[in-house]
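The residues making up each chain are set out below.
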Amino acid sequence: MSTDSARSAEPTSEQEKTDFGFTQVDKSEKVAMVADVFHSVAAKYDVMNDLMSLGIHRLWKRYTIDCSGVKAGQRVLDLAGGTGDLAAKFSRIVGKTGQVVLADINHSMLMVGKEKLTNMGIVGNIDYVQANAENLPFPDNHFDLITIAFGLRNVTDKSAALASMFRVLKPGGRLLVLEFSKPTSEALSKVYDTYSFHVLPKMGQLVANDADSYRYLAESIRMHPDQETLEQMMKDVGFEQTSYHNLTGGIVALHRGFKF
Amino acid sequence: MPAYQALTGLIETAINQALEISLNAAELLAPLDAKRCIVFLQEFDLTLAFQFSGQRVDVLSLPAYDEDALDALADDEAFISVSLFALPELKKTSQLTKLIKQNKLDFYGDLAVVQKFSQLLSDIEFDFEETLSAYIGDAGAYTLIKQSKLLKAHAKQQHELLMNMLKDAALEEKPIAVRPIMVANFVDEVRQLKTDTERLEARINMIIERRNAK
């Protein structure tokens, strides 16, 4: 795991800095550092997700799918799709006449997802694309739905990523952003902090032999914009009828926006 | 915690587990491939979508369907609004039209989807012995299933016996109960007695008057 060395990296210019967890790093380095984190956790990603959230992440993802309004024949982009939890279901919903693109910047995650979905028999209407959310390699007005679940906080330039998503979305299409957010209650926030900073890294050390990556996870969640800020960012790049729905006391929020 | 998603997760897992151990799921699911049956449960104000794909069913919890959403139903979709109490009747394909006529079921979209869904619920068969044998061995599974069948047959026999007893009791004991004609006869007899008493009273009065006149 190279996050320790990465954290000590000295940024070259104030303007080129960005956050990597609680550390400020050079923008150009963040992509590689996040990539290192996910290369490290890819193999144990699903197990750790179940352990860390006590399986509740499956319900958050189900809620996202229920809110997608996706139908047979439509084109879906599952961005930062990781190990393909959402893509699997979308593939079955859009059917043979539709198309799902599972995109992730991280090759290891993409390969784990591809192997998992292929083993589940999900083939034919799904493509795997290694892509940076800030510069999506797709034509304008291409997708009916874009989802990004637990991925946006790892993106270096979130506004650029949202603008890129807006560009490739069809008029009438919708964006769903499922991401950790800010708990709505102070008491829950304290419990959540204790869990994130003390239990998570130990769990990561025990199961994935990697405490640093899970420390980064906790830090990156705290650095991610809160509900209102993210909604405003979506509006700023052109999304309309934006809204968000808090899940599990605001630990996670689902943001929704449309392109008209 | 998203409660509806927990519920649909449980339903979906149960359905897919059941389909896995079914003997004829493939045959019943084939005509439903790529179809969607949307069920609105009236008592819970809950809209569930059953999305069929190959040998799997995905269950989604959807927002309420308004007129626009119903108009936008695709060719391979069906929407039914049904009471929870009428759900068991959906298993009888032949009852669908009757349910619609009785206003127990509102229907939009492709009727064939509902019919095939109904057929899936009614015709599905399971091979419990094969499934159990993986956990407790062939002999154990055979014994357990045989005992279960014996128990089921015994329960059925007892049920039939009880029903026959109740039926006999109803038929045999019925004459003890007062029938309407007997009540009418009793009323007639009381009326007759009253008339006779009045006549007797009149005669006694006449005799007393005659005696006083002397």
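None of the values given here were measured: they were computed from a predicted structure. (Residues numbered from 1 in each chain as written. Chains lettered and ligands numbered in written order. Predicted model: local features only at pLDDT ≥ 70, side-chain atom pairs only at ≥ 80, totals over all residues. Heavy atoms only, no water.)

**Notes on the sheet that holds strand β4 (residues 99-104) of chain A**
All names here are of chain A.
Okay, step 1: If you walk across this open sheet you meet the seven strands as β5-β4-β3-β6-β7-β9-β8, and the pairing is mixed. The two strands at the open ends of the sheet, each matched to only one other strand, are β5 (126-130) and β8 (240-247). Taken pair by pair, the neighbouring strands of this sheet meet at an average axis angle of 15°, ignoring direction. (Pairing = 2+ DSSP bridges. Helix = DSSP H or I, 4+ residues; strand = E, 2+ residues; numbered from the N terminus. Axes fitted to C-alpha atoms, helices over the stretch in contact; angles between N-to-C directions.)

**So, helix α5 (residues 111-123) of chain B**
Residues and elements named next belong to chain B.
Okay, step 1: Here α5 spans 18 Å end to end across 13 residues, near enough to the 18 Å set by a 1.5 Å rise per residue.
Okay, step 2: Buried residues of α5: Val113, Val114, Phe117, Ser118 and Leu120, and no others. Around the axis of α5, the buried residues are gathered within 155° of arc, so they sit on the same side. (Expected span 1.5 Å × (residues − 1). Buried < 20%, exposed > 50% of the residue type's maximum accessible area, 1.4 Å probe, protein only. Arc of directions from axis to C-beta.)

**A look at a nonpolar patch on the surface**
Okay, step 1: A cluster of nonpolar side chains, namely Val178, Ile181, Met182, Val183, Phe186, Val187 and Val190 of chain B, defines an oily patch on the protein surface of about 680 Å² accessible area.
Okay, step 2: Take Val190 of chain B: its relative accessible area is 42%, and that puts it in the partly exposed class. (Patch = residues over 30% accessible without salt bridge, like charges linked within 9 Å, V, L, I, M, F, W, Y side chains within 5 Å. Areas by Shrake-Rupley, 256 points an atom, 1.4 Å probe, with all protein chains shown as cover. Salt bridge = Lys/Arg side-chain N within 4 Å of Asp/Glu carboxyl O.)

**Points about the nonpolar core**
In globular proteins that are soluble, nonpolar side chains generally tend to be buried together.
Okay, step 1: Within the largest apolar cluster, 47 residues are counted, with the highest numbers of intra-cluster contacts made by Trp60, Phe90, Leu178, Phe180 and Val252 of chain A.
Okay, step 2: For this core, the leading source of residues is helix α5 (residues 85-94) of chain A, giving six residues.
Okay, step 3: In this structure, Leu178 of chain A is in contact with Trp60, Lys61, Thr64, Ile148, Ala149, Phe150, Leu247, Val252, Ala253 and Leu254 of chain A, ignoring residues within four places of it in sequence.
Okay, step 4: Residues Cys37, Val57, Leu99 and Val114 of chain B belong to the second largest nonpolar core, which totals 27 residues. (Core = buried A, V, L, I, M, F, W, Y, C linked by side-chain atoms within 4.5 Å. Contact = heavy atoms within 4.5 Å.)

**Observations concerning the interface of chain A and chain B**
Size of an interface: often given as the accessible area lost when the parts come together.
Okay, step 1: Taken together, the contact between chain A and chain B spans 15 residues of the former and 22 residues of the latter.
Okay, step 2: Interface area, chain A with chain B, both sides summed: about 1500 Å², of which 53% is carbon and sulfur.
Okay, step 3: The interface formed by chain A and chain B includes six salt bridges.
Okay, step 4: A salt bridge links Asp58 of chain B to Arg92 of chain A; the shortest N-O distance between them is 2.5 Å. (Buried area = accessible area lost by both parts, 1.4 Å probe.)

**Points about the pattern of salt bridges**
Okay, step 1: Here the structure, examined in full by the defined rule, presents 18 salt bridges over all chains.
Okay, step 2: When the shortest N-O distance is used, the salt bridge between Glu12 of chain B and Lys89 of chain A registers 2.7 Å. On the criterion of chain membership, the pair formed by Glu12 of chain B in helix α1 (residues 3-20) and Lys89 of chain A in helix α5 is interchain, its members lying in two chains.
Okay, step 3: Here Glu12 of chain B falls in the buried class, since its relative accessible area comes to 6%.
Okay, step 4: As a salt-bridge pair, Arg36 of chain B and Glu77 of chain B come within 3.8 Å of each other at their nearest N and O atoms. Within this pair, whereas Arg36 of chain B is found in strand β1 (residues 36-41), its partner Glu77 of chain B is found in strand β4 (residues 77-82), the two being separated by 41 residues in sequence. The burial state of Arg36 of chain B is the same as that of Glu77 of chain B; both residues are buried.

**Quick word on the domain arrangement of chain B**
Okay, step 1: If you check the domain split of chain B, you get domain 1 (3-123) and domain 2 (178-214).
Okay, step 2: Centre-to-centre separation of domain 1 of chain B and domain 2 of chain B, based on C-alpha positions: 73 Å. (Domains from an automatic or database assignment.)

**Quick word on the packing of aromatic side chains**
Okay, step 1: In total, this model carries nine aromatic pairs over all chains according to the counting rule given.
Okay, step 2: Between Trp60 of chain A and Phe150 of chain A, the aromatic rings sit 6.1 Å apart at their centres with planes inclined by 55°, giving tilted as the arrangement. A residue pair is termed long-range when its members are at least 10 positions apart, and Trp60 of chain A in helix α4 (residues 56-66) and Phe150 of chain A in the loop between β6 (143-149) and α7 (158-168) qualify at 90 residues. Each of the two residues, Trp60 of chain A as well as Phe150 of chain A, counts as buried.
Okay, step 3: With centroids separated by 5.7 Å and ring planes inclined at 65°, the aromatic side chains of Phe52 of chain B and Phe117 of chain B adopt a geometry described as edge-to-face. Taken together, the residues Phe52 of chain B in strand β2 (residues 46-53) and Phe117 of chain B in helix α5 connect sequence positions 65 residues apart.
Okay, step 4: Clustering of aromatic rings is evident, with ring pairs tying together Trp60, Phe150 and Phe180 of chain A.
Okay, step 5: Note that Arg222 of chain A overlies the ring of Tyr192 of chain A, its terminal NZ or CZ placed 4.6 Å from the centroid. (Phe/Tyr/Trp six-rings, centres within 6.5 Å; stacked < 30°, edge-to-face > 60°. Lys NZ or Arg CZ within 6 Å of the ring centre and 35° of its normal.)

**Some points on the packing of helix α3 (residues 45-53) of chain A against α4 of chain A**
Residue and element names in this part refer to chain A.
Okay, step 1: Contact geometry of α3 with α4 gives a least axis separation of 7 Å together with a crossing angle of 100°. Here α3 lies roughly perpendicular to α4, going by the angle between them. Within the contact between the two elements, α3 uses Asn49, Asp50 and Ser53 and α4 uses Ile56, His57, Arg58, Trp60 and Lys61.
Okay, step 2: Per-class residue counts for the contact of α3 with α4 are two nonpolar, three polar and three charged. (Parallel < 35°, antiparallel > 145°, perpendicular 65-115°, else oblique. Nonpolar A, V, L, I, M, F, W, Y, C, P; charged D, E, K, R; others polar.)

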